[in-house]
Amino acid sequence: MKIAIGSDHAGFTYKERIKEYLKNLGHEVIDCGTGSPEPVDYPDYVRPPAVLVAEGKADRGIVLGGSGNGEAMVANKVRGVRCAYCFNEESTRLGRAHNDANVISIGERLVSEETALKIVPIFLETPFEGGRHIQRIRKMMAGELK
């Protein structure tokens, strides 16, 4: 699987750990930055992975920051992206199974590293359930601005 990943300075440490974890699993990782813990503006590093997913150049995306909130908001501004804010295993499972999330957001200041590393495989392996959720996804996506 090809996975785009990006973070600001507050998510940099987890980005690096998740990137190595994904590579060890055999995934291709597109690192959209940032490249250090020096302060940066998160939209500059969160939007690119979301765009890659929306354009079909990446299968999934992971964005990280201090809380994960702003990062999810930025990613969800990209047409075609369904970014789930994930803070534990169940929020991640439901984001995939019910909402067909193609991007997730994790907050390094709010989620332990152990939990973050448990979230990633759940995001990658959980299938979308379809069924009753399809109509809801269509309604959600119909609300996007063109």
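Everything below is about the structure printed above this text.
Residues numbered from 1 in each chain as written. Predicted model: local features only at pLDDT ≥ 70, side-chain atom pairs only at ≥ 80, totals over all residues. Heavy atoms only, no water.

S.K.: For this particular structure, what's the right way to read unusual backbone geometry?
M.R.: Leaving glycine aside, a negative phi is the common case for residues, and trans is the common case for peptide bonds. The peptide bond linking Gly33 to Thr34 adopts the cis configuration, its omega dihedral lying at -5 degrees. Counting through the fold element by element, Thr34 comes out in the loop between β2 (28-31) and α2 (43-54). Positive phi, normally seen in glycine, also occurs at Asp100, with a value near 50 degrees. In this structure, Asp100 sits in the loop between α4 (89-97) and β5 (103-107). (Helix = DSSP H or I, 4+ residues; strand = E, 2+ residues; numbered from the N terminus.)

S.K.: What's the story with the side chain of Arg96 in this structure? I'm lost.
M.R.: For Arg96, the position within the fold is in helix α4. Residue classification places Arg96 among the buried positions, given a relative accessible area of 5%. Setting aside residues no more than four positions away along its own chain, Arg96 makes contact with Arg60, Ala101, Ile122, Phe123, Thr126, Pro127 and Phe128. (Buried < 20%, exposed > 50% of the residue type's maximum accessible area, 1.4 Å probe, protein only. Contact = heavy atoms within 4.5 Å.)

S.K.: How should I be thinking about the pattern of salt bridges in this particular structure?
M.R.: Between side chains of opposite charge, pairing is possible as soon as their charged atoms come close. All chains considered together, the criterion is met by ten salt bridges. Between Lys57 and Glu55 there is a salt bridge; the shortest N-O distance is 3.2 Å. Lys57 gets classed as partly exposed once you look at its relative accessible area, which sits at 47%. Take Glu55: its relative accessible area is 48%, and that puts it in the partly exposed class. Each of Lys15, Glu16, Lys19 and Asp31 takes part in a single network of salt bridges with overlapping partners. (Salt bridge = Lys/Arg side-chain N within 4 Å of Asp/Glu carboxyl O.)

S.K.: Hey, could you run me through helix α5 (residues 113-125) in this one?
M.R.: For the α-helix, the turn length of 3.6 residues means that residues three or four positions removed from each other point alike. For α5, with 13 residues, the first-to-last C-alpha span of 19 Å sits near the 18 Å given by 1.5 Å per residue. Those residues of α5 not exposed but buried are Ala116, Ile119, Val120, Pro121, Ile122, Phe123 and Leu124. In the core, the buried residues of α5 are packed alongside β1 (2-7), α1 (12-24), β3 (60-65), α4 and β5. (Expected span 1.5 Å × (residues − 1).)

S.K.: Please explain the packing of aromatic side chains as it appears in this structure.
M.R.: The relation between two aromatic rings is expressed through the spacing of the ring centres and the mutual angle of the planes. Scanning the model with the defined rule gives one aromatic pair in all. Geometrically, the ring pair formed by Tyr85 and Phe87 is tilted, given 5.8 Å between the ring centres and 40 degrees between the ring planes. By relative accessible area, Tyr85 is classed as partly exposed at 28%. With relative accessibility at 43%, the residue Phe87 sits in the partly exposed group. Lying over the aromatic face of Phe123, Arg60 brings its terminal NZ or CZ to 5.2 Å of the ring centre. (Phe/Tyr/Trp six-rings, centres within 6.5 Å; stacked < 30°, edge-to-face > 60°. Lys NZ or Arg CZ within 6 Å of the ring centre and 35° of its normal.)

Remember, this is a structural readout, not a statement about activity or role.
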